[in-house]
Amino acid sequence: MKRFLQAAMLFGVLLAGVVVASQAQGLRSVLGTVLPYAAVAVLLVGVIYRVAGVWGRAPVPFRIPTSCGQQKALSWIKPSKLDNPSTTLGVIGRMALEVLVFRSLFRNVRTQLKPGPKLAYVGGWELWAAAMAFHWSFLLIVLRHMRYFTEPVAGFATMLAALDGFFEIGVPTLYVTNVLIVAGLGYLLLRRVFDPQLRMISLAADFFPLLLLLSIVVTGGLMRYFGHTDVASIKELAIGLITFHPVVPAGIGSLFFVHLTLVSVLLAYLPFSKLMHMPGVFLSPTRNLANNNRAERHVNPWNAPVKVHTYEEWEEEFHDKIEACGLPLDKP
Amino acid sequence: MLKQQLERDSEEVLKRWRARILETYPDQTARFLASEKDEFANPIGHAIHRDTRDLLSELTAGLDLGRARRALEGVVRIRAVQGMPPSEAIGFIPLLKDVVRERAALLPQTDELRGEVRALEADVDKLLLASLDVFVACRESIHDVAQSQLKSMVHVLIERANRGKARDRAPSESEAREPRTT
Amino acid sequence: MSEKLPKPEELSTVDFRPVDYDWMTAKATFRKGTYSYQAAPKNLKYLGLANPREWSPIDDDWKLPDNWKTIILEGLRERLDKFRSLGLFMDICVRCGACADKCHFYIGSGDPKNMPVLRAELLRSVYRRYFTTTGKMFGALAGARELDVSLLKEWFYYFYQCTECRRCSVYCPYGIDTAEITMLGRELLTLVGCNINWVMEPVANCFRTGNHLGIQPHAFKDNIEFVRDELEEVTGIHIDPPINKKGAEVLFVTPSADVFASPAIYTLMGYMLLFHHIGLDYTFSAYASDGGNFGLFASHELMKRLNAKNYAEAKRLGVKWILGGECGHMWRVMHQYMATMNGPADFLEVPVSPVTGTRFEHARSTKMVHICEFTSDLIRHGKLKLDKSRNDHRVVTFHDSCNPARSVGILEEPRYVLRNVVNQFHEMPENTIREHTFCCGGGAGLGNDENMEMRLRGGMPRGHAVRHVRDAHGVNLLACICAIDKATLPALVDYWSPGVDVGGVHELVGNALVMEGENERTTDLRGDPMATSKGESDA
């Protein structure tokens, strides 16, 4: 609980600061132009540095996939092509399953759904579902936001918005992703707070991004569903940002600046946080390598020579005993 | 009357008893033990669930120490390797007394009831003593399995030594094997 | 009367629950039965390793070198530069908790630091403190911890409470592999001389003599001949197993337990019968007399030092390819490390079965084939004369050993062999086999007897699954393809599921093989009576 409170306090201070800043007209050009640019710059430099400069610079000395299914060996035994891939195509499939549908996390579901003596326990199922709900909604919401950055509006953004509002509940239409992302994030946060096991392993750095994401979602939702938001002006600002002609039109409510600033914080925070699992998952050597170790030799760039005990040394040490027991000698 | 009451209430009694047992584990572990129902993903939780049920029905249906010992096997065998002092390892038995008293408090307080509570508590004491036996047997068997592992690790050396002598005397004796210790 | 009954809230004061457990401040306590003894200085000296000395994990003073902290941190920096896996696994864990209840040690002990996520956090917290900006700036708030002696002791305690079984990595959404973290954590401990003897003595022995027990060449030959004589008593077949024979087609490498320990020797009998049955031109080696490699449990360097002999011996003897026996961690090394470390094996040929003509394409680079691949190919081509009913006194289940299952994927081959040599075969519950398999609790150098209590905790999930099939189907033999299993599972089943024996897959093959010129068999390879008719099997 201590670490949750720490994160909540930190986040509270941040949020209060952002809210105060958003009220100041004088700061609007900073929050609306300087900060987003700075945040994107930090994000790009940070992610590239970590991926290419740190992880990428370190070699993969050994090929160590975790095999989660039958290997490909004998022609008449069916290999598990996706859970234990032996080809690049299989690896792509495995990674796609991992990234798109959280294959490994789903294993928790499958094992736990096996009927025990009585009830089947579905705790693992909840984690998988919440993770899917959050990540997919997040992606779709980001893509949907492209309508602010494109003129004319990109076709996919319009289509996504239409699909997302398919149920046509309320005015303005309620987006399904908005509901799912709140549910997903809410569950992920609540389990960390109330489940003793999760609470114990959680760090402040686990609560903080959840609070940040939730606040971004909530401010966005407030603007859409409850506020009177000048969408045209916001779009003008967004297009200005993306075309490098930043402008801050008058008449945009302070809530928008809270939203935008929190997004900037998220972007700048990402490279220094566990959110790096996003690019990281693609590099994981237990997942992104084919289990073809015995067919193709993997080369280790730093394969240093080591001290070994050669046959000659061995024969010399045990010479008499080898001779006495009648085993052949190279140097009789 | 108390026994019938406990039998009728067995789900509630078991719930309370199990909750008390789980309290002897750390928070985050207790949650895992309580929630994961798969026997194989959670052998401890499963054993607690099964054995408490069996032990309670022993008490309400009339205690048979032979059967009770078998019911004690699961949980005690597990707790014997969990690094607890003996008092703690078998300490889950007397926790049942607390639950029994709680239930008894709900009934009209008669002399008869008081007698029944005492009798039941005496039975729980018997269970406690039996569980001490089981605990000690388990601890001893840890020694035994270590011993027999040591022996089987050097099986060929021992056999070769024994066989060497045996063969000098009479080859047929080499047929004689040590009885397996399973 | 009623006032004498304590109220529930009063009762709840009587509990043992540790209040406010905080993993960042909790320290490791070394209790007898739950840790392994320190490595003897002679072994470290022989191998030229750091800080050989007399010490004990229960001592306050571990006699570390004065600059131990610098050594560890420099070692960590070096490994971050050499292993992408390490930096990645340090950075990307989100602590989702999916792994928490997957570790057999956690399931059996309930100790929070046996959750894979926390085992890794032991290393991660130090990484954050010294290698990340946020950790340097915010300290404990960012999950960073100062490296001090008590933290080093935690490393020793918990990195030697992981069997490197990789079960958690199956469930991790990023494939974070605790085995990798434990391996590198143990490497760091090796830099300051904090090793366990059950790893270092076998490593030292293996470096010197070629095998973990330290059997010298003449004794190796004697042992093989002892097993041969036993075999002759049971079957009436006399076999002369070739050792160090130059020009043989196949070098056979197997864990040395097969030649000295029970029940592993019965597996060796099975191999001998099989090779005799098909007339294989093979040889044992008294130099490469152990395929097992405890170096894997100490450092990548030691692994390579011990592994080198296999290719060297194959080259010296002039064989065409290598056949490997039943072993778990040996197969992780042979499959995932050998060719990279000590290859390329371009002096060998792509393995071809001399009996069936099958070309083992999947092993075309490493040139080493698993015995179960080899035997199932033989059976598939109808090259073996088998009498299944000779195993009718056995009701068998199969334990997937961690490394063949999760580092190679040898799942169906042994099952195919078993179905062809036994009539009564029953699987354990699905979430305890194949890639979900539970460890024996004694792998990665933990199979010593001082650590028995911890092993029994770790082996509890496996033990319970065995008991389940024992009670449900009358299973009386737990078959496996791992020498460590054969050494550690008997203790495990004796405690958790008495009445079940442990044996190798090829022991059962040996029972079933109908050999030319054999005696009428009344006993199996162990000398236990066979069932005379199916009806008498003790199912």
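Here, the structure is the one placed above.
Residues numbered from 1 in each chain as written. Chains lettered and ligands numbered in written order. Predicted model: local features only at pLDDT ≥ 70, side-chain atom pairs only at ≥ 80, totals over all residues. Heavy atoms only, no water.

Caption draft 1: Just the sheet that holds strand β5 (residues 396-399) of chain C, in detail. Residue and element names in this part refer to chain C. Here 3 strands make up an open sheet; going across it, the order is β5-β6-β7 and the pairing parallel. The outermost strands of the open sheet, each flanked by one partner alone, are β5 and β7 (501-504). Direction aside, the axes of adjacent strands within the sheet are offset by 35° on average. Relative to strand β6 (residues 477-480), β5 runs parallel, the two sharing 4 bridges. (Pairing = 2+ DSSP bridges. Helix = DSSP H or I, 4+ residues; strand = E, 2+ residues; numbered from the N terminus. Axes fitted to C-alpha atoms, helices over the stretch in contact; angles between N-to-C directions.)

Caption draft 2: Representation of the pattern of salt bridges within the structure. Under the defined criterion, the tally for this structure stands at 68 salt bridges over all chains. Between Glu73(B) and Arg77(B) there is a salt bridge, and its shortest N-O distance comes to 3.0 Å. Of this pair, Glu73(B) and Arg77(B) both sit in helix α5 (residues 65-79), separated by 4 residues, roughly a single helical turn. On the basis of relative accessible area, Arg77(B) is assigned to the buried category, the value being 13%. Salt bridges sharing partners connect three or more residues here, namely Arg192(A), Asp206(A), Lys274(A), Arg95(C), Glu121(C), Arg124(C) and Arg128(C). (Salt bridge = Lys/Arg side-chain N within 4 Å of Asp/Glu carboxyl O. Buried < 20%, exposed > 50% of the residue type's maximum accessible area, 1.4 Å probe, protein only.)

Caption draft 3: Inspection of unusual backbone geometry at higher detail. In this structure, Pro263(C) follows Ser262(C) across a cis peptide bond, with omega equal to 5°. As for its placement among the helices and strands, Pro263(C) is situated in the loop between α13 (257-260) and α14 (264-278). For the bond from Gly343(C) to Pro344(C), the omega torsion is 0°, close enough to zero to count as cis. Assignment of secondary structure puts Pro344(C) in the loop between α16 (329-342) and β4 (368-370). We note that Phe102(A) has phi near 55°; this positive angle belongs to a residue other than glycine.

Caption draft 4: Main features of the packing of aromatic side chains. Tallied over the entire structure, the rule returns 42 aromatic pairs over all chains. Here a set of aromatic residues connected by ring pairs shows up, and it is made of Phe30(C), Tyr35(C), Tyr37(C), Trp55(C), Trp62(C), Phe156(C), Tyr157(C), Tyr158(C) and Tyr160(C). Taking the ring centre of Tyr495(C) as reference, the NZ or CZ of Arg77(B) above it sits at 4.5 Å. Positioned above the aromatic ring of Trp302(A), the side-chain terminus of Lys82(C) is 4.3 Å from the ring centre. (Phe/Tyr/Trp six-rings, centres within 6.5 Å; stacked < 30°, edge-to-face > 60°. Lys NZ or Arg CZ within 6 Å of the ring centre and 35° of its normal.)

Caption draft 5: Here's a closer look at the side chain of His259(A). Along the polypeptide, His259(A) turns up in helix α12 (residues 254-269). Residue contacts for His259(A): discarding those within four places in its chain leaves His145(A), Ile216(A), Thr219(A), Gly220(A) and Met223(A). (Contact = heavy atoms within 4.5 Å.)

Caption draft 6: Spatial organisation of the interface of chain C and chain A. Tallying the contact residues gives 105 residues for chain C and 86 residues for chain A. Counting the surface lost from both chain C and chain A, the interface buries some 8,100 Å², and carbon and sulfur atoms represent 58% of this. Three residues, Arg84(C), Arg95(C) and Thr340(C), lead the burial of chain C against chain A; their summed loss comes to 10% of the area buried on that side. For the interface between chain C and chain A, the tally reads 10 salt bridges. Note that Asp206(A) is salt-bridged to Arg95(C), the shortest N-O span being 2.6 Å. Our count for the contact surface shared by chain C and chain A stands at 68 residue pairs in polar contact (both at pLDDT 80 or more). Top element by residues in the side of chain C that touches chain A is α16(C). It accounts for 8 residues. A breakdown of the residues in the side of chain C that touches chain A according to their chemical character gives 48 nonpolar, 25 polar and 32 charged. (Buried area = accessible area lost by both parts, 1.4 Å probe. Polar contact = N/O pair within 3.5 Å; in protein donor to acceptor, adjacent residues only side chain to side chain. Nonpolar A, V, L, I, M, F, W, Y, C, P; charged D, E, K, R; others polar.)

Caption draft 7: Local environment of the packing of helix α8 (residues 111-153) of chain B against helix α22 (residues 483-496) of chain C. In the contact formed by α8(B) and α22(C), the axes pass within 9 Å of each other and the chain directions differ by 155°. Taken together, the axes of α8(B) and α22(C) lie roughly antiparallel to each other. Remark: the crossing between α8(B) and α22(C) carries right-handed chirality. Here Cys138(B), Ser141(B), Ile142(B), Val145(B), Ser148(B), Gln149(B) and Met153(B) of α8(B) come into contact with α22(C), specifically with Ala487(C), Thr488(C), Ala491(C), Asp494(C) and Tyr495(C). Here the residues of the contact of α8(B) with α22(C) sort into 7 nonpolar, 4 polar and 1 charged. (Parallel < 35°, antiparallel > 145°, perpendicular 65-115°, else oblique. Left-handed = near helix turned anticlockwise from the far one by under 90°.)

Caption draft 8: Here's a closer look at the sheet that holds β4(C). All names here are of chain C. Spatially, the 4 strands line up as an open sheet ordered β2-β1-β3-β4, and their pairing is parallel. Each edge of the open sheet carries a strand with a single partner, namely β2 (282-283) and β4. Strands β1 (250-253), β2 and β3 (321-324) of the sheet are contacted by helix α15 (residues 300-317), whose axis makes an angle of about 150° with β1.

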